[in-house]
Amino acid sequence: MERIEAFDILKGIGIILMIVAHTYGPDSVIWDYIYSFHMPLFFIVTGFFYKQKPTLQLTKSNYNQLLLPYLALCIIVSILSQIRQSHDILIDIDITLNGMGPGWFLLAMFWARLELLFILRLFPKRYLSISLLISIIICFIADKLFFSSFISFFPSMASLFFISVGYYIKQNHLLDIYNRNHVIIPFICSLLWLTTSLYGKVELSQCVFKLSIIDFAGSLGGTILFFGISKMIEKYTIHLKHILSAAGRYSLIILFFHSIDYCVPIWYLISPHVPPYLFLPIILVLRLLFITICVMITLRIKFSRSFFGF
């Protein structure tokens with residue numbers, strides 16, 4: 001399928017916002033605005049480009065694209081954590097199976113792609129409504145009962161609606177409708193996104209959608225709104241377009257190295273040396289610089305480039 005640069009820009013916005021949110025933390029004023037849509041958008045974009053394949057073929061590609069990077073992430077984080085603590089190198093199986101920091105997304109996406117495959121086979125005409133029902137039920141269970149996010153299986157089912165939406169948008173050519181209605185759709189999407197950001201709560205990794213279907217709609221609205229912003233960036237900017245488009249194309253590499261940074265933090269070591277009001281901005285700059293260097297090095301090495309599918 002032909003690459004659509006606006007989607008790369010959208011993923012670039014999402015992955016950078018993830019780093020911003022992880023830097024400033026849940027007490028910041030921007031947390032809920034970012035979390036309301038930044039992870040659902042990756043599932044929506046994946047659904048848009050989803051192609052039905054035989055089960056074994058899809059499983060193999062999922063293994064290469066998602067599970068192998070996750071296993072490598074677990075090994076690297078475990079080694080670095082033990083070195084930092086001067087302990088024997090051990091892999092914490094419990095943490096590994098429950099999601100290594102932001103790496104939970106890799107496991108959830110692995111399952112979500114397979115789940116969409118079976119939903120499309122079982123309910124070829126009602127997959128969207130069935131997916132929404134499954135996602136709502138999973139979130140209800142997560143809210144009422146204790147459950148383990150074991151291998152991100154429950155978060156994947158909570159994400160099933162979003163990957164189905166992306167597929168639905170592509171199959172029904174809804175981008176054409178979006179392009180013909182420049183005013184009303186962004187307005188509605190803005191209202192939905194702001195409602196979720198101000199009054200709801202979205203934690204996809206924990207299957208939390210405080211306002212249930214309203215928050216699902218808000219996540220979708222935020223994604224569509226920022227897709228419109230991505231199209232404007234594509235049309236009216238040059239340098240920003242290239243930066244965000246590259247971030248979107250290499251979002252898997254960025255997620256990988258940010259997960260290492262997130263799970264084995266070292267930036268707090270500079271806190272005694274900088275004013276408190278500059279601490280988080282400096283951390284953000286250092287994280288973005290670290291990610292940029294890692295991406296550049298990865299793309300220059302044949303093995304690592306092919307490992308991430310480039």
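Remember, predicted model here, so these are calculated numbers, not experimental data.

What counts, and at which threshold
- Residues numbered from 1 in each chain as written.
- Predicted model: local features only at pLDDT ≥ 70, side-chain atom pairs only at ≥ 80, totals over all residues.
- Heavy atoms only, no water.
- Helix = DSSP H or I, 4+ residues; strand = E, 2+ residues; numbered from the N terminus.
- Rg over C-alpha atoms; globule rule 2.2 N^0.38 Å.
- Buried < 20%, exposed > 50% of the residue type's maximum accessible area, 1.4 Å probe, protein only.
- Contact = heavy atoms within 4.5 Å.
- Areas by Shrake-Rupley, 256 points an atom, 1.4 Å probe, with all protein chains shown as cover.
- Lys, Arg positive; Asp, Glu negative; His and termini not counted.
- Charge placed at Lys NZ, Arg CZ, Asp CG, Glu CD.
- Disulfide = S-S within 2.5 Å.
- 1 Å grid on protein atoms, 1.4 Å probe; cavity = no way out; pocket = protein on both sides within 12 Å on 5 of 7 lines; lining within 4 Å.
- Points joined across faces, edges and corners; volume = space filled by probe spheres on them.
- Nonpolar A, V, L, I, M, F, W, Y, C, P; charged D, E, K, R; others polar.

Engineer: How would you summarise the overall build of the chain if you had to cite specific residues and measurements?
Structural biologist: Each helix and strand counted, the chain has 16 helices and two strands in total. For 310 residues, the compact-globule estimate of 2.2 N^0.38 gives 19 Å, and the chain sits close to it at 19 Å. Counting across all 310 residues of the chain, residues that qualify as buried make up 48%. Looking at the chain alone, contacts between residues at least 24 apart form 78% of all its contacts between residues at least 6 apart. Total accessible area on the chain stands at roughly 16000 Å², and carbon and sulfur atoms take up 69% of it. Seen as two clouds, the 23 positive and the 15 negative side-chain charges of the chain have centres 11 Å apart.

Engineer: Which residues make up the state of the cysteines, and what values do they have?
Structural biologist: By the definition in use, this model includes zero disulfides. You can see Cys 74 has no disulfide; the closest cysteine sulfur is in Cys 263, sitting 8.5 Å from it. By relative accessible area, which is 2% here, Cys 74 ends up buried.

Engineer: Could you give an account of empty space enclosed by the protein, naming the residues involved and the relevant values?
Structural biologist: Enumeration according to the criterion identifies one cavity of 30 Å³ or more in this entry. By volume, the largest cavity is sized at about 40 Å³. For the largest cavity, the full set of lining residues is Trp 31, Asp 32, Tyr 35, Ser 36, Thr 196, Ser 197, Gly 200, Lys 201 and Val 202. Those elements giving two or more residues to the lining of the largest cavity turn out to be helix 2 (31–35) and helix 11 (184–199). Among the elements that line the lining of the largest cavity, the one with the most residues is helix 2, at three residues. A breakdown of the residues in the lining of the largest cavity according to their chemical character gives three nonpolar, four polar and two charged.

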